[in-house]
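# What the coordinates show
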Amino acid sequence: MARSLRQRWFDGFIHAAVSRPWQVLLVFALLAAGGMALASRLEFRGSFVELLPQGAREVQDLTRVSQKAGGDGYLVIVAKGDTPERLKAYAAELKLRLEVLPEVRYVEHSYDVEFFRRNGLLLLPVEKLAGLRADLEARVRYERMRANPFFVDLGATPAPPDFDAIARKHAPDAPMKEYLANADGTEVYLMIKPSGTAGDLGFARRFVELAMGTGRALAAERFPSVALEATGNFQSRIEEDAVMQGDLGRAGLLSALIAVGLILLATRRIAALAVVGLPVLVGLLLTFGIAWLVIGHLNVVTGFLVAILIGLGIEYGVHLCMRYWEERQTRSSRDALAAAVRGTFGGALTSAVTNAAAFLVLLLAQFHAFNQFGFLAGLGVLLAVLAAYAMGPSLLAIAERLRPARADAAPAAEGSATVEAGPGREWKRWPTSVIAALALAVVGFAVFSVAVAPRLGFETDMRKLKGDSPSSRLDDHVTEQLGQPLNPAIFLVEDLKQVGQVEEVIAEVKRRNGADSVFLRSASLTDLVPSDLKRREEELAGLRTLFQGLPSEMHEDARLKEFEQMVAAKPYGLDALPVEARRRFEATDGKGMFLLLFPSVSNYDTDDLKRWAAQIDQVVEGTKARGIDMAVLDSNRIAARIFALVRADGPLILWSAAGVVFFVILLSLRSFKRALLVTGPLFLGMTCLAGGMYLFDVQLNFINAVVLPNLLAIAVDNSVHLFHRYEEEGPGSLGKVVRHTGLAAVVATLSNAAGYGALLVANHQGLRSIGQIALLGVVCTFLGTTVFFPAMLALLERWKARKAVTVEEGAVVRSLELGVAGADSESPGERKSA
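Residues numbered from 1 in each chain as written. Predicted model: local features only at pLDDT ≥ 70, side-chain atom pairs only at ≥ 80, totals over all residues. Heavy atoms only, no water.

### Quick word on the overall build of the protein chain
Within the protein chain, the secondary structure is distributed over 28 helices and 10 strands. For the protein chain, the proportion of its 834 residues judged to be buried stands at 50%. Intrachain contacts of the protein chain at a sequence separation of at least 6 include 83% that bridge at least 24 residues. Of the accessible surface of the protein chain, which amounts to about 38,500 Å², a share of 59% is contributed by carbon and sulfur atoms. (Helix = DSSP H or I, 4+ residues; strand = E, 2+ residues; numbered from the N terminus. Buried < 20%, exposed > 50% of the residue type's maximum accessible area, 1.4 Å probe, protein only. Contact = heavy atoms within 4.5 Å. Areas by Shrake-Rupley, 256 points an atom, 1.4 Å probe, with all protein chains shown as cover.)

Pasting the structure below:
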């Protein structure tokens, strides 16, 4: 009964596709239009922050600190091309023009260094202040002795350092340079603090364009020789986004063009472009329309799904139309269509469900970007197969009306078959030795892959993933000139007292880690405001007493005068600090203070980032133990968190995907033996991937790791389609199966390779690495599913045939033996009677 219902439904579907194809396409055209309207609202967010869920502690801290700081990071403008004096004048004028803009919070370029020179002794550590006092007392005693007319220097006691030497030894350095510039003054730097965040690309573009436009306008008016460049968090973010969007667009276009070429090459029919391409387009529009409804944006991991889904989606249409034109050689158009749908739909549905299940396994990942990728990829695959089989028959029917493949025979009587018999074809039988050699070669390469797998590494250099750019090169240059990174970690606490407590924790963590410490130095308002005033005042009072007792002629010494002015300075509070020195450490709403922590290691190597994040966590735990609610803004800590999640998720996701693929195939084939027969070659091909990565020096990283479970799903399609066709045709049909379905599998594999391989043209190294590992994976799994699998089937078939012949020959021999034995046992009378 159930089969009868399925048959009636199937016949009705074919009838609708053949008799009312335009109405079917109209329905999908409306769906596609709706999907396009929604998908057009999608935005691309290339920031790594988007890869973590909004509820992650790192993201919450970033949001909290950004709101208090008025933005995350700086835009750094580099001015050069004129004399140092004119560059300083240009920077001072540009600073005034920029600070009146609503998008700009403040600009750092020059500092009131004289203020810190006058108050230098108030900022000098008490221990150093005591050392200064001792050196000055020794020099003053020496000068008094020399002033004594009865003093005779016999050279027995060495003279203490003079005032110049003491000044060089003890005079405190200002906490910042007077100007942000390189050593010879041929470049000046303006660090512009915006009122928004780099994650808001609309604001970032508007802000950078406004700042650079203001700088260029000033240069054109009064400083024509000045040339400008930009770097910093905002410029780097814009450049990286532009590179990635350009890469994704080119990859999608290249993938589509390669797919068109493959379809035409395989089918040699223009109609195949519509039959295969239109369902893929509809599936993509619906997928990304739903993506906007559910997620709202794409990120660095989900952004390349267009190219991948094109490669995955066309294989269903390829199998359908190639089977249709194969059947059309001997059947009427209606019967060929029914045979094509019946013959390929089971395999297509099994492969699509397997694909989707393997993708959806990514929902188990802790890494937020993997969740989104798995959801969209699984959804896209299911929509692709449904669109292919809902639209494909109608498109084939329209193609037959426009240009029939051949004239149909006269209609047959109802219920009779319309199959036109054709002469059979004797498929070439390869020698068993050749087939066995192919199978053994694949197995041998798999063994080699297992041997070299432990030597494979995990890419830890972020610079290699992001790639080179003008902004990154300039960032390195400015960092080298200034002697510190442009984007330190920012700790947010409540007040100056808590700042001091956090600095104590930082010092403790630094001591605890010893040589393994990655902290360079910290900076805060405690560096700019006098502390420990009681002990400090004792030392300063002693210096004042010392200076008051000096002979009048000694007060003429310039260095001594400078020390006297510094000793006369009075303690001050936060309000007395120059505003340009204070504002980077204070929250915009006046509620909260910042402490900056600079790393001593690279911002790109993930091994260093791991240590950096671990030690930051130690600081967070230490401050929490002291009852301090501290938030941390640090993009490097976020990157380290991403790496940790990917490393933790990888094995679980890969093994889960393998289990899901096998389980879906087992449900489809309802036989453990047959499921193992289909998936075994797939796992063999995946094993070969390690050898391919070793030979071509390709490493895993947190971006391309998402491809590994997907390769299982992508590659199993070939095994499924080949096995379904082989079961349909029966023993002895392997040559025909490989000729037709195998060819379709090759086209499908090439289309998958095109989808991923198109990313090889990407400038972004992370995206390019996806293309590299996926292309290797597609080729290696092809060896397992489309080379080893048919070879294994052929060997099994011949072994069974030989076994059957052996059994038959044994039965004949036994029959003859029984016959002879029976004849010998007959009596002479019986033989005579017989």
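### A word on empty space enclosed by the protein
Over the atoms, a rolling probe the size of a water molecule traces out where space has been left empty. All told, the structure shown has 3 cavities of 30 Å³ or more when counted by the stated rule. Empty space within the second largest cavity amounts to approximately 40 Å³. Every residue along the wall of the second largest cavity is listed here: Val280, Gly283, Leu284, Thr287, Leu309, Gly380 and Ala384. Looking at the lining of the second largest cavity, the elements with two or more residues in it are helix H11 (271-294) and helix H14 (368-402). Looking at the lining of the second largest cavity, the element that brings in the most residues is H11, giving 4 residues. Here the residues of the lining of the second largest cavity sort into 4 nonpolar, 3 polar and no charged. (1 Å grid on protein atoms, 1.4 Å probe; cavity = no way out; pocket = protein on both sides within 12 Å on 5 of 7 lines; lining within 4 Å. Points joined across faces, edges and corners; volume = space filled by probe spheres on them. Nonpolar A, V, L, I, M, F, W, Y, C, P; charged D, E, K, R; others polar.)

### A word on unusual backbone geometry
Phi at Arg670 takes a positive value of approximately 55°, unusual for a residue other than glycine. Mapped onto the secondary structure, Arg670 falls in the loop between helix H23 (635-669) and helix H24 (672-695). By relative accessible area, which is 73% here, Arg670 ends up exposed. Positive phi is not limited to glycine here, since Asp697 has a value of about 55°.

### Points about the sheet that holds strand S7 (residues 489-493)
Spatially, the 4 strands line up as an open sheet ordered S8-S9-S7-S10, and their pairing is antiparallel. For this open sheet the edge positions go to strand S8 (519-523) and strand S10 (631-633), each flanked by a neighbour on one side alone. Pairwise comparison of adjacent strand axes, ignoring direction, gives a mean angle of 25° for this sheet. Bridge analysis of S7 against S10 gives 3 bridges, and the strand direction is antiparallel. Among the inter-strand pairings, Ile490 is bridged to a residue of S10, identified as Leu633. In the packing of helix H3 (residues 57-69) onto the sheet, the strands contacted are S7, strand S9 (593-599) and S10, and the crossing angle to S10 comes to about 85°. Lying over the sheet, helix H18 (residues 496-513) contacts S7, S8 and S9, oriented at roughly 20° with respect to S9. (Pairing = 2+ DSSP bridges. Axes fitted to C-alpha atoms, helices over the stretch in contact; angles between N-to-C directions.)

### Here's the deal with the packing of aromatic side chains
Considering all chains together, one arrives at 15 aromatic pairs under this definition. Measuring from ring centre to ring centre gives 5.3 Å for Tyr90 and Phe223, while their planes differ by 80°; the resulting arrangement is edge-to-face. Remark: Phe223 occurs in the loop between helix H9 (201-222) and strand S5 (227-232) and Tyr90 occurs in helix H4 (residues 84-98); sequence separation between them is 133 residues. Taken together, a centroid distance of 5.7 Å and an interplanar angle of 5° make the contact between Phe203 and Phe207 stacked. Taken together, the residues Phe203 and Phe207, both in helix H9 and 4 residues apart, mark about one turn of the helix. In this structure Phe207 comes out as buried when scored by relative accessible area, which is 1%. These aromatic residues form a ring-pair network of at least three members: Phe115, Phe116 and Tyr572. Sitting over the ring of Trp292, Arg41 keeps its end group 4.8 Å from the ring centre. In this structure, Lys193 packs its charged tip against the face of Tyr74, placed 4.9 Å from the ring centre. (Phe/Tyr/Trp six-rings, centres within 6.5 Å; stacked < 30°, edge-to-face > 60°. Lys NZ or Arg CZ within 6 Å of the ring centre and 35° of its normal.)

### Quick look at a positive patch on the surface
Together, Arg268, Arg269, Arg403 and Arg739 make up a region of like positive charge exposed at the surface. Examined against the element boundaries, Arg739 turns out to sit in helix H26 (residues 734-757). (Patch = residues over 30% accessible without salt bridge, like charges linked within 9 Å, V, L, I, M, F, W, Y side chains within 5 Å. Salt bridge = Lys/Arg side-chain N within 4 Å of Asp/Glu carboxyl O. Lys, Arg positive; Asp, Glu negative; His and termini not counted. Charge placed at Lys NZ, Arg CZ, Asp CG, Glu CD.)

### Notes on the sheet that holds strand S4 (residues 187-194)
Ordered in space as S3-S4-S2-S5, the 4 strands form an open sheet in which the pairing is antiparallel. The open sheet has two edge strands with one neighbour each: strand S3 (104-108) and S5. In this sheet, adjacent strand axes meet at a mean angle of 25° when their direction is disregarded. Pairing geometry for strand S2 (residues 75-80) and S4, over 6 bridges, is antiparallel. Pairing of Val76 across the sheet is with Met191, part of S4. Lying on the sheet, helix H10 (residues 233-267) is in contact with S2, S4 and S5; it crosses S5 at an angle near 85°.

### Topic: the environment of Leu395
With respect to the element layout, Leu395 can be found in helix H14. Overall, Leu395 belongs to the buried group, its relative accessible area being 9%. Residues Leu395 and Ala17 lie 378 residues apart in sequence; the distance between their C-alpha atoms is 8.2 Å. Not counting the four nearest positions on each side in its chain, Leu395 is found in contact with Leu25, Ala274, Val275, Leu278 and Pro279.

### Regarding the packing of H10 against helix H12 (residues 305-328)
The axes of two packed helices give the description: the angle between them and the distance between them. Running from N to C, H10 and H12 point in directions that differ by 15°, and their axes come no closer than 10 Å. As summarised for this structure, H10 and H12 are arranged roughly parallel, according to the angle between their axes. Between H10 and H12 lies a crossing of right-handed hand. Of the residues in H12, those in contact with Ala251, Gly252, Ser255, Ala256, Ala259, Ile263, Ala266 and Thr267 of H10 are Ala307, Ile310, Gly311, Ile314, Val318, Cys321, Met322 and Trp325. Classifying every residue of the contact of H10 with H12 by side-chain character gives 12 nonpolar, 4 polar and no charged. (Parallel < 35°, antiparallel > 145°, perpendicular 65-115°, else oblique. Left-handed = near helix turned anticlockwise from the far one by under 90°.)

### Concerning the pairing of S9
With respect to burial, S9 is a largely interior element, 7 of its 7 residues being buried. Neither face of S9 is open: one carries Met593, Leu595, Leu597 and Pro599, the other Phe594, Leu596 and Phe598, and all of them are buried. Bridging between S7 and S9 involves 5 bridges; their strand directions are antiparallel. Residue pairing across strands places Phe491 opposite Leu595, the latter belonging to S9. Direction of pairing for S8 relative to S9: antiparallel, over a ladder of 4 bridges. Paired with Ser522 across the strands is Leu597, a residue of S9.

### Concerning the environment of Thr267
Along the polypeptide, Thr267 turns up in helix H10. Apart from the residues lying within four places of it in its own chain, the contact partners of Thr267 are Ala272, Cys321, Met322 and Trp325.

### A few points about a nonpolar patch on the surface
A grouping of Phe345, Leu349, Val353 and Leu382 is seen on the molecular surface, where their side chains present a nonpolar patch of about 260 Å² in accessible area. When residues of the nonpolar patch are assigned to their parent elements, the largest contribution, 3 residues, is made by helix H13 (residues 333-360). Note on placement: Phe345 falls in helix H13.

### Points about the packing of helix H2 (residues 21-39) against H14
As a packed pair, H2 and H14 sit with axes 9 Å apart at the nearest point and diverge in direction by 135°. In terms of their interaxial angle, H2 and H14 are classed as oblique. The chirality of how H2 crosses H14 is left-handed. Across the interface between the two elements, Pro21, Trp22, Val24, Leu25 and Phe28 from H2 touch Ala390, Met391, Ser394, Leu395, Ile398 and Arg401 from H14. Taken together, the residues of the contact of H2 with H14 break down into 9 nonpolar, 1 polar and 1 charged.

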